[in-house]
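Observations on the three-dimensional arrangement
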Amino acid sequence: MHGSAAKGNTTVLPANELKPPSYGQAQREAIASVVDSLTNDLCSRVGALRKQLDEIEQIVLERAANAKGALGDQVMLCVRLNDEITHNQEIVTELKALAQDIRP
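Residues numbered from 1 in each chain as written. Predicted model: local features only at pLDDT ≥ 70, side-chain atom pairs only at ≥ 80, totals over all residues. Heavy atoms only, no water.

To continue, consider the overall build of the chain. Counting secondary structure elements, the chain contains two helices and zero strands. Out of the 104 residues in the chain, the part that is buried amounts to 0%. A total accessible area of about 10,000 Å² is found for the chain, and carbon and sulfur atoms account for 61% of it. (Helix = DSSP H or I, 4+ residues; strand = E, 2+ residues; numbered from the N terminus. Buried < 20%, exposed > 50% of the residue type's maximum accessible area, 1.4 Å probe, protein only. Areas by Shrake-Rupley, 256 points an atom, 1.4 Å probe, with all protein chains shown as cover.)

Taken over all residues, the pLDDT of the chain has a mean of 88, while the share at 70 or more is 89%. Counted against residues more than four places away or in other chains, residues 1–6, with its pLDDT under 50, gives zero contacts. (pLDDT = per-residue confidence, 0-100. Contact = heavy atoms within 4.5 Å.)

Together, L53, I56 and V60 give the surface a local cluster of nonpolar side chains, amounting to about 290 Å² of exposed area. Mapping I56 onto the fold places it in helix α2 (residues 25–101). Accessibility expressed as a relative area gives 49% for I56, which makes it partly exposed. (Patch = residues over 30% accessible without salt bridge, like charges linked within 9 Å, V, L, I, M, F, W, Y side chains within 5 Å. Salt bridge = Lys/Arg side-chain N within 4 Å of Asp/Glu carboxyl O.)

See the structure below:
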């Protein structure tokens, strides 16, 4: 019952009638200034991180493009080498056949 008696003595104002007290304005402004300063500092730091991440991304993309180009060159070299080996195998097979046809 004690809790309900305390509730009965509490005055509840509608939200549109709630206003900060006239005293303490300087403290509220100081707190708002600190919050604004922290917010600006955090936003600046996040912006700096984004810039660094963008730079890292650019470096990685450039290196990946270079690696892809080098890999493409290696693949082309391997394909060409394979073609040459196949051609040489054909020549060796023909030479073997010719050698078997030679009669002593």
